[in-house]
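Tertiary structure, described
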2 protein chains.
Amino acid sequence: MKGVGNMANWEAYLEDHQEEIDQDLIQLLSIPSVSTSPQHTADVQRAAQWVAARLGQAGGEHVQILETGGHPAVYGDWLHAEGELTVLIYGHYDVQPAEPLELWTTDPFMPRVEGDLIFARGASDMKGNLLLPIAACEALLKTEGKLPVNVKFLFEGEEEIGSPSLAHFMTNHKDLLACDMMASADSGQLSLDEPAIEVGLRGLCAVQVDVRSSGVDLHSGMAGGLVHNAAQALVEILASLKGLDGRVTVTGFYNEVADITPEERQMMDRFPVTDTQLKTMFQVDELFGEPGFTPVERNWVRPTLDINGLWAGFQGTGVKTVIPAEAHAKITCRLVPNQTPEGVLDKVKDYILKHAPSQVKVSFTDLPGQGVPYRIPSQHLGLTAVRQALLQVYGVEPLEIRVGASVPVTAMALQILGVYTVPLGMSLDDEHMHAPDEFYRISNFHRGQVAYVLFLTELVGKQQFLEKR
Amino acid sequence: MKGVGNMANWEAYLEDHQEEIDQDLIQLLSIPSVSTSPQHTADVQRAAQWVAARLGQAGGEHVQILETGGHPAVYGDWLHAEGELTVLIYGHYDVQPAEPLELWTTDPFMPRVEGDLIFARGASDMKGNLLLPIAACEALLKTEGKLPVNVKFLFEGEEEIGSPSLAHFMTNHKDLLACDMMASADSGQLSLDEPAIEVGLRGLCAVQVDVRSSGVDLHSGMAGGLVHNAAQALVEILASLKGLDGRVTVTGFYNEVADITPEERQMMDRFPVTDTQLKTMFQVDELFGEPGFTPVERNWVRPTLDINGLWAGFQGTGVKTVIPAEAHAKITCRLVPNQTPEGVLDKVKDYILKHAPSQVKVSFTDLPGQGVPYRIPSQHLGLTAVRQALLQVYGVEPLEIRVGASVPVTAMALQILGVYTVPLGMSLDDEHMHAPDEFYRISNFHRGQVAYVLFLTELVGKQQFLEKR
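Residues numbered from 1 in each chain as written. Chains lettered and ligands numbered in written order. Predicted model: local features only at pLDDT ≥ 70, side-chain atom pairs only at ≥ 80, totals over all residues.

Here's the deal with the overall build of chain A
Each helix and strand counted, chain A has 14 helices and 18 strands in total. For chain A, buried positions account for 58% of its 469 residues. In chain A, the share of contacts with a sequence separation of at least 24, taken over all contacts with a separation of at least 6, comes to 80%. (Helix = DSSP H or I, 4+ residues; strand = E, 2+ residues; numbered from the N terminus. Buried ≥ 20, exposed ≤ 12 C-beta atoms within 10 Å, placed from the backbone. Contact = placed C-beta atoms within 7 Å.)

This is how it looks when you write it as structure tokens:
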């Protein structure tokens, strides 16, 4: 906002209240709202209550905690901008598990500020981003008494487990959530100097593989050489899913994958990241992946298959000469246009069943976390508004990018509410999302609030230009 | 002891005191002396004290708890049989971990009696067997006032972690432990009707494989397709160690393995076990192992490589879209003559380092549990005594067998004390050793006490016939 002239009232409000808003973030980060852990169910509820209260305090109306069948959703709105567009702002207040706890420098749920950085589980993904639109609307409502357009808020508590209740919830609350576009705060920028707009997301599917080799754990002296071993069978199955070159070998896995268009390839070539930067960010010595594609292509437009978890037998100190009766793995695939979660899962399961040793029994535990791949048209009105907002905040034109991650809600909004989603969040890729020592940048937290005011303001009077879908 | 004529005094003593001795077993089984878990160190100590006290109560002299550098050893003796042989009776009072606890019907350290069976961790391996020679000597000392031969007792607390301190301890206490033969109570029989003498044991080596793919756990959306995955690299490494047919593919793994002699093959062919029995015992639908050998051959005279434990990434409920930075596996090999633990470990490590993807770092955590393979000459005097004792107790000639398991102490006794070990214990193969719901047979507990009296009595006056080694 340098060079915008005299300070607007809302801007002064944000400056004057920034310390309190920072404290709000610390409060929210202190609630361990881990959606995947049954023992954190009460914490997830507590986070929903906190968000609802904070939204009401900001001037949100009709604030309510709504049952979804799973963790609750928080709704609120301000709908007095007659004749103007309605924006549904989306975010999630749940977080990933913090395990492995021993790799955190300090307690993941006792936020620690170090210079510009605030460390805590959920700092970057996405409790910081969640507060941006709330603070922006508060500043406008407390100073101007109104918002430039109509705004609805929807904060869910199940994003980190794949939003299993959200589609059903959206369908049941179509009128309440009706809007002209969605804005997702679950988003990020390239760096402190390089703004970006995410116009595509990969999809996701997940499954757990369960192998059983005997009715009971066996003694490797007595049974060793006589029976199969569930852990051995599991590693054989998992190793068969990919070649040593990183290419997925599951039959037909790549069949539906859309070819890369020349425009897409150009967009990816323009993306300002070097192998060295990627290696530094991921703390690896060497990049690795499907042959024949650049790293950016592999991340944006190629599907992947990854083992996320693995367990069998004895994991304690020392030796236990056991032949484990059971072994388990969690697998997710990132999907690209035109793959579907169901189609890919079917192929993976078929392949595993065909390649499993006959001496073991393989079964599957279905997991939440299915999401179709997503792409927004680049001329969409909301994108233009985000582009203008970021241009003003950063002083440079944002780059259009795709990301390798998945936000199932964008596909749902298109399918159920009939609207596209524009991304506006301030996370950066190096902030250890889903990993120990996750952090968020306080300077980004502040300018993200400004960006939301500018974004909403950009939409004034644009009702007639909207291409809905 | 049917048909032995009038009941001997010691026999009457055992009958009269059997209930108390059963209660002793329940007491000992209630102490969770898990040697591999640092949190059970005090319990291991408590078990040593219990065993020492019980040995003293039985009439053992010079009873003492000796430091080993690891968990303590319990020593005691009775050395007043002038001109007679000295037998060192070996056992261990430590047990395997009880995990996974949820697969136990009742608490593994709250012994449960059901008919002839007593369920508890360590029941079969080997707290029941440990009490056999103590009760036998007590019966003799309390009724006859003496033992037929000289007896020393050595009960260690580290067998289940591979007896890491025992070789050093034996070397330091060579005079204290000097003897003409060792008798190991850590042994078993074929069934309730079929006695057996174990004349050979497999060796053991163990290693933990640690794979690291990045400095920190990564988000599979951001890094998926760009970097290697520690769990993926680990399954590729582990899958490379064995063919799908069960044969170990580690270069040179079978090089030193002794050919099977015609006598050995005959002995194995005589071994009375069917595939159906093995399948029932191990609760599997199909046996599996190295091609070209019978199940008994695979278990007695062929080496194995088994994954005992496996862990990486997220193991909780639901989905975590993480690319794990670390993955780990515990591996043990069962060894046969003429393999050595060091030689086999070197080959396994070399092979892993050569076959690991270049994008990950592989390191090894050395584990305790090295033991060389072992074979006792079949004309050994101690074997004859065990054979006679079992013939009297069972009414049938025992079979000479080898076992697939490992008892490192036998190789140490030969190397350090210069004596062979004869086996005399009452465990059966179906008793869920090292697994949930471990149990022991009370009827075997009783007749094992009788067998020990007969075994010691058989050795009277045989000093001049001993082939020491």
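Resuming the write-up.
Some words on the relation of the copies chain B and chain A
Between chain B and chain A, the superposition needs a rotation of 180° and an axial shift of 0.0 Å, giving an RMSD of 0.1 Å. Those values place the two copies in the arrangement expected of a two-fold rotation axis. When the interface residues of chain B are mapped onto chain A, 100% of them again lie at the interface, so the same face is used by both copies. (Least-squares fit on C-alpha atoms with pLDDT ≥ 70 in both.)

Describing the interface of chain B and chain A
Between chain B and chain A, the residue contacts involve 86 residues of the former and 86 residues of the latter. Elements represented by at least two residues in the side of chain B that touches chain A include exactly strand S10 (218–219), helix H6 (220–223), helix H7 (230–240), helix H9 (275–282), helix H10 (295–300), strand S11 (304–313), strand S12 (322–323) and strand S13 (326–335) of chain B. Per-element tally for the side of chain B that touches chain A: the top contributor is S11(B), with 9 residues. When its residues are assigned to classes, the side of chain B that touches chain A shows 38 nonpolar, 35 polar and 13 charged. (Nonpolar A, V, L, I, M, F, W, Y, C, P; charged D, E, K, R; others polar.)

Description of the domain arrangement of chain A
Residues and elements named next belong to chain A. Partitioning chain A into domains gives domain 1 (9–201 + 373–465) and domain 2 (203–257 + 303–366). Using only C-alpha atoms to locate each centre, domain 1 and domain 2 end up separated by 36 Å. With 5 residues of domain 1 in contact, the opposing surface of domain 2 contributes 8 residues. Residues of the side of domain 1 that touches domain 2, tallied by class, amount to 1 nonpolar, 3 polar and 1 charged. (Domains from an automatic or database assignment.)

Regarding the nonpolar core
If you look at the biggest cluster of nonpolar residues, it comprises 189 residues, and the most contacted ones within it are Val87(A), Leu234(A) and Leu234(B). In terms of residue count, the dominant contributor to this core is helix H3 (residues 123–143) of chain A (11 residues). In contact with Leu234(A), other than residues within four places in its own chain, are Val211(A), Ala312(A), Ala327(A) and Ala329(A). With 107 residues, the next largest nonpolar core counts Ala136(B), Leu147(B), Leu201(B) and Val419(B) among its residues. (Core = buried A, V, L, I, M, F, W, Y, C linked by C-beta atoms within 7 Å.)

Quick notes on the environment of Lys127(A)
Residue and element names in this part refer to chain A. Tracing the chain through its elements places Lys127 in helix H3. What makes Lys127 buried here is the crowd of 30 C-beta atoms within 10 Å. Residues Lys127 and Gly200, 73 residues apart in the sequence, show an inter-C-alpha distance of 22 Å. If we ignore the near neighbours within four places in the chain, the residues touching Lys127 are Leu25, Leu28, Leu29, Tyr93 and Gly122.

A short note on the pairing of strand S9 (residues 203–212) of chain B
Residues and elements named next belong to chain B. Within S9, 7 of the 10 residues are buried, leaving the element largely enclosed by the surrounding structure. Bridge count for S9 against S13 is 10 bridges, and the pairing is antiparallel. Note that in S13 the partner of Leu204 across the bridge is Arg334. Pairing analysis gives 6 bridges linking S9 to strand S14 (residues 361–366), with the strands arranged antiparallel. Residue Arg212 lies in a different strand from S14, and its bridge partner there is Lys361. (Pairing = 2+ DSSP bridges.)

A word on the packing of H3(A) against helix H14 (residues 442–458) of chain A
Residue and element names in this part refer to chain A. Packing of H3 against H14 leaves a shortest axis separation of 8 Å and a crossing angle of 55°. Considering the angle they form, H3 stands oblique to H14. Like other packed secondary-structure pairs, H3 and H14 cross with a definite hand, here right-handed. Together, Gly128, Asn129, Leu132, Pro133, Ala135, Ala136, Ala139 and Leu140 of H3 and Phe445, Gly448, Gln449, Tyr452 and Val453 of H14 make up the contact between the two elements. Among the residues making up the contact of H3 with H14, the classes are represented as 9 nonpolar, 4 polar and no charged. (Axes fitted to C-alpha atoms, helices over the stretch in contact; angles between N-to-C directions. Parallel < 35°, antiparallel > 145°, perpendicular 65-115°, else oblique. Left-handed = near helix turned anticlockwise from the far one by under 90°.)

A closer look at the pairing of strand S7 (residues 181–184) of chain B
All names here are of chain B. Going residue by residue along S7, you find Met181 and Ala183 tucked away on one face and Met182 and Ser184 tucked away on the opposite face as well. Strand direction decides the pairing type here: strand S3 (residues 86–92) and S7, joined by 4 bridges, are parallel. Note on S7: the bridge partner recorded for Leu88 is Met182. Where S7 lies against strand S17 (residues 421–423), 3 bridges are found, and the strand directions are parallel. From the neighbouring strand, Ser184 faces S17, where its bridge partner is Pro423.

Description of the sheet that holds strand S16 (residues 399–403) of chain A
All names here are of chain A. In space, the 3 strands of this open sheet follow the order S15-S8-S16, with mixed pairing throughout. Unpaired on one side and paired on the other, strand S15 (374–375) and S16 mark the two borders of the sheet. Relative to S16, strand S8 (residues 196–201) runs parallel, the two being bridged by 5 bridges. In the sheet register, Ile197 faces S16, and the bridge partner there is Glu400.

Remarks on unusual backbone geometry
Residues and elements named next belong to chain A. Geometrically, the link from Asp125 to Met126 is a cis peptide bond, its omega value of -5° lying close to zero. Looking at the secondary structure, you find Met126 in helix H3. In this model, Pro337 is joined to Asn338 through a cis peptide bond whose omega is 5°. Looking at the secondary structure, you find Asn338 in the loop between strand S13 (326–335) and helix H11 (341–355). In this structure, Ser163 takes a positive phi of about 50° despite not being glycine. Along the chain, the position of Ser163 falls in the loop between strand S6 (150–156) and helix H4 (166–172).

What about the sheet that holds strand S15 (residues 374–375) of chain B?
Residues and elements named next belong to chain B. With mixed pairing, 3 strands are arranged side by side in an open sheet as S15-S8-S16. Unpaired on one side and paired on the other, S15 and strand S16 (399–403) mark the two borders of the sheet. Pairing of strand S8 (residues 196–201) with S15, which is carried by 2 bridges, proceeds in the antiparallel orientation. Looking across to S15, one finds that Leu201 is bridged to Tyr374.

Here we look at the confidence of the model for chain A
Summing up the model confidence of chain A, the mean pLDDT is 94 and the portion of residues at 70 or higher is 98%. In the model output, the complex is listed with pTM 0.75 alongside ipTM 0.75. (pLDDT = per-residue confidence, 0-100.)

Concerning helix H1 (residues 9–29) of chain A
All names here are of chain A. The terminal C-alpha atoms of H1, which comprises 21 residues, lie 29 Å apart, in line with the 30 Å expected from a rise of 1.5 Å per residue. At Gln18, H1 shows its largest kink, close to 60°. The complete set of buried residues in H1 reads Trp10, Tyr13, Leu14, Ile21, Leu25, Leu28 and Leu29. The elements touched by buried residues of H1 are helix H2 (41–57), strand S5 (117–119), H3 and H14. (Expected span 1.5 Å × (residues − 1). Bend = angle between axes of the 7 residues up to and from the residue.)

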